[in-house]
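The residues making up each chain are set out below.
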Amino acid sequence: MIFPLLNHFTKTFQSLIKVLYVNKIKISFVVLLISILACDEIPDNIVDQKLSNTYVEYIEAPDEFTYFSSDSAFATSIKFKNTNSVDNVWLKVTSLDGSSTIHEQIFMSDEGDLFLSGDKVKGDNIFTALIPMSKNFPSGKYLIEYYLQNKTSYSQDKSLKVAVHSFNYSNTQINLPPVINEIIVPSTATYGQRITLMIKVQDSNGLNDISSVYYELYKPDGTKMVNSQGISQFPLFDDGNTSINGDTVAKDGTYSVFLTFPSGQPAGQWRFEFYAKDKGGLISNKAIHYLILN
């Protein structure tokens, strides 16, 4: 139916230290190796470490930022231990769920150009950038992804993601829930017939504030439909993918999905309940539609 090895590592590492000691290799190398493996300064931030002589010491970025007309940008910095092979450093800012990108690429600077990039000292291995925010960006959680390019492979395709940081953003606007204002769904269907579910959604905070649109389905006996994966909230889409889900125009506030009732499902009146949810967690009005399955 279409609805919607810590012990092993420790022993191995202890053996490595023993071998290094037996061969009288300088203990400073061991300490350096430990520090590289541990990365205590930035737990969980290193994403892709492929440059053997370059690693991130720390990043600086706010955990919270509130938009004001007099304060509409913030600085973020990333420090590398070694920048001999670094050619460019840049960042990308997206919503935490990846549904929207507010800055595709902002280059970071280590040129001491305080007023342009926020960088204070030239050549100290600390790269900085200013991230402008807008009152039109929905309040919610965002992700900063930090990338670098080495000198031997200048292209965005060769970029390495080396750190990430999330922050909460407030645009200081009053958050209002989305509103479902139109349902375009047939009132009858037959077994095996593909139908299109379509609803139109508005949000006073902008369509970018909508995080998900979904429906719940109830059988003629009143029981809620749950699929084999345990899902009971089935998504609709506003991605313009007409052949996959019937949506014709992306990001216009009209959400669609295909649905087919296979044989074996009970005939009678089925109830659809449609909802929209915004990035602040507010839920829209419940929009109900009945369909007779013959």
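Asks: Sorry if this is basic, but what is going on with the overall build of the protein here?
Replies: What the protein contains, in helices and strands, is four helices and 16 strands. Of the accessible surface of the protein, which amounts to about 16,300 Å², a share of 53% is contributed by carbon and sulfur atoms.

Asks: I would appreciate a short explanation of the sheet that holds strand β6 (residues 126–132) in the present structure.
Replies: With antiparallel pairing, the three strands of this open sheet are ordered in space as β1-β3-β6. The open sheet terminates on both sides in strands that have one partner only, identified here as β1 (56–60) and β6. Averaged over all pairs of adjacent strands, the angle between their axes in this sheet comes to 15°, without regard to strand direction. Where strand β3 (residues 73–80) meets β6, seven bridges bridge the pair, whose relative direction is antiparallel. Each bridged residue has a counterpart across the sheet, and for Ser77 the counterpart in β6 is Thr128.

Asks: Got a minute to help me understand the sheet that holds strand β8 (residues 160–170) in this structure?
Replies: With respect to topology, five strands assemble into an open sheet ordered β2-β8-β7-β4-β5, the strand pairing being mixed. With partners counted over all chains shown, the strands left at the sheet margins are β2 (64–66) and β5 (101–108), one partner each. Averaged over all pairs of adjacent strands, the angle between strand axes in this sheet comes to 30°, irrespective of strand direction. By the bridge criterion, five bridges tie strand β4 (residues 86–95) to β5 in an arrangement that is antiparallel. Paired with Leu91 across the strands is Ile106, a residue of β5.

Asks: Help me understand the pairing of strand β11 (residues 194–202) in this model?
Replies: Each regular strand displays side chains that alternate between the two surfaces of the sheet. Here strand β9 (residues 179–184) runs beside β11; their pairing, made up of five bridges, is antiparallel. Its bridge partner lying in β11, Val179 is registered against Gln202. Where β11 meets strand β14 (residues 254–260), seven bridges bridge the pair, whose relative direction is antiparallel. Along β14, the bridge assignment pairs Ile195 with Leu259.

Asks: Explain the packing of aromatic side chains to me, please; I cannot follow it from the model alone.
Replies: Two measures describe an aromatic ring pair: the distance that separates the ring centres and the angle between the ring planes. The full count for this structure, using the stated rule, is 13 aromatic pairs. Aromatic rings pair up to connect Phe65, Phe74, Tyr142, Phe167 and Tyr169 into one cluster. Just above the ring of Tyr218 sits the side chain of Arg271; from NZ or CZ to the centre is 4.1 Å.

Asks: Which parts of the structure should I look at to understand unusual backbone geometry?
Replies: Most peptide bonds take the trans configuration, and most residues that are not glycine carry a negative phi. The phi dihedral of Thr172 falls on the positive side, at around 65°, and the residue is not glycine. Turning to its location among the elements, Thr172 is positioned in the loop between β8 and β9. Judged by its relative accessible area of 44%, Thr172 is partly exposed. Here the phi dihedral of Lys251 falls at roughly 55°; this positive angle occurs in a residue that is not glycine. Mapped onto the elements, Lys251 comes out in the loop between α4 (242–245) and β14. Look at Lys251 and you get exposed, because its relative accessible area is 62%.

Asks: Is there a simple way to think about the nonpolar core in this case?
Replies: Across soluble globular proteins, nonpolar side chains have a tendency to be buried as a group. With 28 residues, the main nonpolar core has Ile78, Leu91, Met133 and Tyr146 as its most contacted residues. Sorting the residues of this core by element identifies β1, β3, β4, β5, β6, β7 (140–150) and β8 as the ones contributing at least two each. If you tally residues by element for this core, the top one is β8, at five residues.

Asks: Teacher, can you tell me more about the confidence of the model for the protein here?
Replies: A low pLDDT score tells you not to read the predicted coordinates there in detail. A residue-level look at the protein finds 79% of positions with pLDDT of 70 or above and a mean pLDDT of 83. Within the model, pLDDT remains below 50 along residues 1–45, and this stretch shows 42 contacts once partners closer than five positions in the same chain are excluded.

The rules behind each value
- In every chain, residue numbers begin from 1 and rise along the written sequence.
- Totals for whole chains, interfaces and linings use every residue, but because this is a predicted model, local features are given only for residues with pLDDT of at least 70 and side-chain atom pairs only at 80 or more, for both listing and counting.
- Note that the side-chain values use all heavy atoms of the structure and ignore hydrogens as well as water.
- Strands are runs of DSSP state E lasting at least 2 residues, helices are runs of H or I lasting at least 4, and numbering of each runs from the N terminus.
- Working definition of accessibility: Shrake-Rupley area with a 1.4 Å probe, residue cover restricted to the visible protein chains.
- Being paired, for any two strands, means DSSP has found at least two bridges between them.
- Each axis is a line fitted through C-alpha atoms, and for a helix only the stretch in contact is used; angles between axes span 0 to 180 degrees, taken between their N-to-C directions.
- Side-chain rings of Phe, Tyr and Trp (the six-membered ring for Trp) are treated as a pair once their centres are within 6.5 Å; stacked means planes under 30 degrees apart, edge-to-face means over 60, and tilted covers the remaining angles.
- Charge-over-ring contacts are defined here by two conditions on Lys NZ or Arg CZ: a distance within 6 Å of the ring centre and an angle within 35 degrees of the ring normal.
- Residue burial is assigned from relative accessible area. The probe radius is 1.4 Å, only protein chains are included, and a residue is buried under 20% of its type maximum, exposed over 50%, and partly exposed in between.
- Nine residue types can take part in a nonpolar core, namely buried Ala, Val, Leu, Ile, Met, Phe, Trp, Tyr and Cys, and a core is a set of them joined through side-chain atoms within 4.5 Å.
- For every residue, the predictor reports its confidence as pLDDT, a number between 0 and 100.
- Here, two residues are considered to be in contact whenever any of their heavy atoms come within 4.5 Å of each other.

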